[in-house]
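# Breakdown of the fold
Residues per chain, in single letters:
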Amino acid sequence: MAARGGSTIGESVGVGHADSPTRRPDTPQALRGTEPAADYGSGMADYRIETVRNGDRDWTARNDRGAEVRIAPADSEGAQPSFTPVELLLAALGGCGGLVVDRTARTVPHDELRITVESVSRPEDDGRVGAVRVSYKVELPGGDTGAAEALERGIRLTHEKYCTVSRTVEHGARVAALGPDGTMLFMGG
């Protein structure tokens, strides 16, 4: 498969983060510009998701582009089909990895690439996901060691440098929870 664009695998030109929004002055994000709490940072949000309650243990998350995803516990029969919050985290890892591999390994035919993300939590993880495994599966042309090496390099770069979600999960992020009146109720990370 011929390379799309003029850059080589892993070149930093034009790679950026997998889901980096394009900022325009007329977007809802640019017009909104809310001030976060002290010690959290300042300026506009990079990403914004609104989650609204549909009913008991049944929620919908929406972005500013109109996409929606239903969130509920796996055992909530009346709220299916849905994703659990942890499944959404795993989906974000797989989706971010796929979007970045599309850029970092574009010279490798990977139309049939499947990314499986699994988590394992133990009691000592205390309400957190303990370990995550991201598996990439694709049939490459037989004997094409160059394609295999390029794909492996693309996957490494995805997690070492370009996948915002993977790097955030690995390194953590500050989390601030604000009450209805804007009062800081929690800050961690």
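Details of the structure are given in the entry above.
Now for a quick tour of the structure. (Residues numbered from 1 in each chain as written. Predicted model: local features only at pLDDT ≥ 70, side-chain atom pairs only at ≥ 80, totals over all residues. Heavy atoms only, no water.)

## Structural notes on helix α2 (residues 85-104)
The end-to-end C-alpha separation of α2 is 28 Å, in line with the 28 Å expected for 20 residues at 1.5 Å each. All of the buried residues in α2 are Leu90, Leu93, Gly94, Cys96, Gly97, Gly98, Val100, Val101 and Thr104. Each element contacted by the buried residues of α2 is listed here: β4 (114-120), β5 (131-137), α3 (145-162) and α4 (164-171). (Helix = DSSP H or I, 4+ residues; strand = E, 2+ residues; numbered from the N terminus. Expected span 1.5 Å × (residues − 1). Buried < 20%, exposed > 50% of the residue type's maximum accessible area, 1.4 Å probe, protein only. Contact = heavy atoms within 4.5 Å.)

## So, the environment of glutamate 170
Within the secondary structure, glutamate 170 sits in helix α4. Residue class for glutamate 170 comes out exposed when judged on its relative accessible area of 54%.

## Brief notes about the pairing of strand β3 (residues 68-71)
Pairing analysis gives four bridges linking strand β2 (residues 58-63) to β3, with the strands arranged antiparallel. Among the inter-strand pairings, arginine 62 is bridged to a residue of β3, identified as glutamate 68. Counting the residues in the hairpin turn of β2 and β3 gives four residues, including glycine 66, whose phi is positive at 95°. (Pairing = 2+ DSSP bridges.)

## A word on the packing of α2 against α3
The N-to-C vectors of α2 and α3 enclose an angle of 125°; their axes lie 9 Å apart at closest approach. Between α2 and α3, the angle falls in the class oblique. Judged by the twist between their axes, the crossing of α2 over α3 is right-handed. Contacts between α2 and α3 involve Gly97, Val100, Val101 and Thr104 from the former and Leu151, Gly154, Ile155, Leu157, Thr158 and Tyr162 from the latter. By residue class, the composition of the contact of α2 with α3 is six nonpolar, four polar and no charged. (Axes fitted to C-alpha atoms, helices over the stretch in contact; angles between N-to-C directions. Parallel < 35°, antiparallel > 145°, perpendicular 65-115°, else oblique. Left-handed = near helix turned anticlockwise from the far one by under 90°. Nonpolar A, V, L, I, M, F, W, Y, C, P; charged D, E, K, R; others polar.)

## Here's the deal with the pattern of salt bridges
All chains considered together, the criterion is met by nine salt bridges. Between arginine 48 and aspartate 64 there is a salt bridge, and its shortest N-O distance comes to 3.4 Å. With a gap of 16 residues between them, arginine 48 in the loop between α1 (28-32) and β1 (49-55) and aspartate 64 in the loop between β2 and β3 connect regions that are remote in the sequence. On the basis of relative accessibility, which here comes to 30%, the residue aspartate 64 falls in the partly exposed class. A salt bridge links arginine 133 to glutamate 118, with the nearest nitrogen and oxygen atoms 2.9 Å apart. Of this pair, arginine 133 sits in strand β5 while glutamate 118 is found in strand β4, placing the two residues 15 residues apart along the sequence. Owing to a relative accessible area of 52%, arginine 133 belongs among the exposed residues under this scheme. (Salt bridge = Lys/Arg side-chain N within 4 Å of Asp/Glu carboxyl O.)

## Side note on the packing of α2 against α4
For the pair α2 and α4, the least separation of the axes is 7 Å and the interaxial angle reads 130°. With respect to α4, the element α2 is oriented oblique. Here Leu89, Ala92, Leu93 and Cys96 of α2 come into contact with α4, specifically with Thr164, Val165, Ser166 and Val169.

## Here's the deal with the sheet that holds β2
Sheet architecture is open: three strands sit in the order β1-β2-β3, paired in antiparallel fashion. The open sheet has two edge strands with one neighbour each: β1 and β3. Sheet twist, expressed as the average angle between the axes of neighbouring strands with direction ignored, equals 25°.

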